[in-house]
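# Structural features, examined
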Amino acid sequence: MERIANFLSDPFTLIAWAALMLPCLIWVIYDLRTRNAHLMPLMKVVWALTIVYSGPLGLAVYYLTGRKEIARDTLWRRSFRSVAHCYSGCGMGEIAGITIAAGVLALSNYWVAGITFCLAYMAGYALTVGPLMQEGVSFKTALWDAFLAETPSIAVMEIVAIGADLYLAGSATMAEPLFWSSLITSLTLGLLAAYPVNVLLIHYGVKEGMMDPRNTEHDHG
């Protein structure tokens, strides 16, 4: 644990992370503007945020599951698109929650965990309710469908992510590299933890997952 803490506390870790993440983000933006401009605007945002949170891993998920160039769609690909969609919203909530509750207000871990979970849940939930209503689903039905489909994924993602962040960061402040490197690490751990949950939810028909990128017709190129 001490070696991990020393690694995450090193400012070079954040510099190296930025050096890896930024080229991935630039490539994804280019690919979304050229070869995959047909994707829905929301999914373009989802993929950009996934790369911001998880860098090369996010790029791998997009490259293998989110482009029209995939050879065929499968359960594992659909599950990765689904968890990325959830991840993009929850990540915003988690970053806001950790930054405000731990970084700015310096609250106790119980308050940090509670506030961060609530913000992450609301962000991920809203990212599902909104598109459902755009498709013509009533507000009440959208709320219920999103609750059933997203709650297990969000719960697992945030329990793992928030727990990992509090464990790794300890009492680090916003001025310390450990605060930010722990947050980055925890986001990716949450993504990985929620993936098998999405596999099960889609397999058993609780949620549909995101559309095959080869079949979308939202051409904004």
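Residues numbered from 1 in each chain as written. Predicted model: local features only at pLDDT ≥ 70, side-chain atom pairs only at ≥ 80, totals over all residues. Heavy atoms only, no water.

Let us now look at the packing of helix α2 (residues 11-33) against helix α3 (residues 41-65). Two numbers describe how α2 lies on α3: the axes approach to 9 Å, and their chain directions differ by 120°. In terms of orientation, α2 lies oblique with respect to α3. Here α2 and α3 pass one another in a crossing that is right-handed. The segment α2 lies against α3, with W17, L20, M21, C24, L25, W27, V28, D31 and L32 engaging K44, W47, A48, I51, V52, Y53, S54, G55, P56, L59, Y62 and Y63. Broken down by class, the residue content of the contact of α2 with α3 amounts to 17 nonpolar, two polar and two charged. (Axes fitted to C-alpha atoms, helices over the stretch in contact; angles between N-to-C directions. Helix = DSSP H or I, 4+ residues; strand = E, 2+ residues; numbered from the N terminus. Parallel < 35°, antiparallel > 145°, perpendicular 65-115°, else oblique. Left-handed = near helix turned anticlockwise from the far one by under 90°. Contact = heavy atoms within 4.5 Å. Nonpolar A, V, L, I, M, F, W, Y, C, P; charged D, E, K, R; others polar.)

The terminal C-alpha atoms of α3, which comprises 25 residues, lie only 17 Å apart, well short of the 36 Å expected from a rise of 1.5 Å per residue. The axis of α3 is deflected most strongly, by about 140°, at S54, and proline P56 appears within four residues downstream. (Expected span 1.5 Å × (residues − 1). Bend = angle between axes of the 7 residues up to and from the residue.)

A separate point is the confidence of the model for the protein chain. Predicted coordinates in areas of low pLDDT are best not read in detail. Across the protein chain, pLDDT averages 92, with 98% of residues at or above 70. Across the protein chain, the element-wise mean pLDDT spans from 88 in helix α1 (residues 2-9) up to 97 in α2. (pLDDT = per-residue confidence, 0-100.)

Another point: the pattern of salt bridges. Counted under the stated rule, the structure contains eight salt bridges. Here D31 ties to R35 by a salt bridge, and the two come within 2.8 Å at their closest N and O atoms. For R67, the salt bridge identified is with E69, shortest N-O distance 3.6 Å. Connected through salt bridges with shared partners, the residues D31, R35, R67, K68 and E69 form a single ionic network. (Salt bridge = Lys/Arg side-chain N within 4 Å of Asp/Glu carboxyl O.)

The next thing to look at is the packing of aromatic side chains. Under the definition given, this model contains 10 aromatic pairs. A centroid spacing of 3.9 Å and a plane angle of 20° characterise the contact between F80 and Y195, whose relative ring orientation is stacked. A residue pair is termed long-range when its members are at least 10 positions apart, and F80 in helix α4 (residues 75-104) and Y195 in helix α7 (residues 177-203) qualify at 115 residues. Like F80, the residue Y195 is buried in the burial classification. Taken together, W27, W47, Y62 and Y63 form an aromatic cluster joined through their ring pairs. (Phe/Tyr/Trp six-rings, centres within 6.5 Å; stacked < 30°, edge-to-face > 60°. Buried < 20%, exposed > 50% of the residue type's maximum accessible area, 1.4 Å probe, protein only.)

This part is about the nonpolar core. In this structure, V28, W47, I51, Y62, V83 and M157 are the most contacted members of the largest nonpolar core, which totals 37 residues. The dominant element in this core, judged by the number of residues it contributes, is α3, at nine residues. Apart from the residues within four sequence positions on either side, V83 is in contact with M157, L191, A194, Y195 and N198. By size, the runner-up hydrophobic cluster in this structure holds 11 residues, among which are L8, I98, A101 and L183. (Core = buried A, V, L, I, M, F, W, Y, C linked by side-chain atoms within 4.5 Å.)

This part is about the environment of K68. Within the secondary structure, K68 sits in the loop between α3 and α4. For K68, a relative accessible area of 35% gives the class partly exposed. Aside from chain neighbours lying at most four places away, what touches K68 is R35, N36, H38, P213 and R214. Looking at K68, its side chain comes within polar contact range of the side chain of E69, at 3.1 Å. (Polar contact = N/O pair within 3.5 Å; in protein donor to acceptor, adjacent residues only side chain to side chain.)

Following the sequence through the fold, S79 ends up in helix α4. Those residues in contact with S79, other than ones at most four positions away along the chain, are Y195, N198, V199 and I202.

A word on unusual backbone geometry. A positive phi angle is found at A106, which is not glycine, with a value near 55°. Among the secondary structure elements, A106 is positioned in the loop between α4 and α5 (109-134). Exposure remark for A106: the relative accessible area of 60% places this residue in the exposed category.

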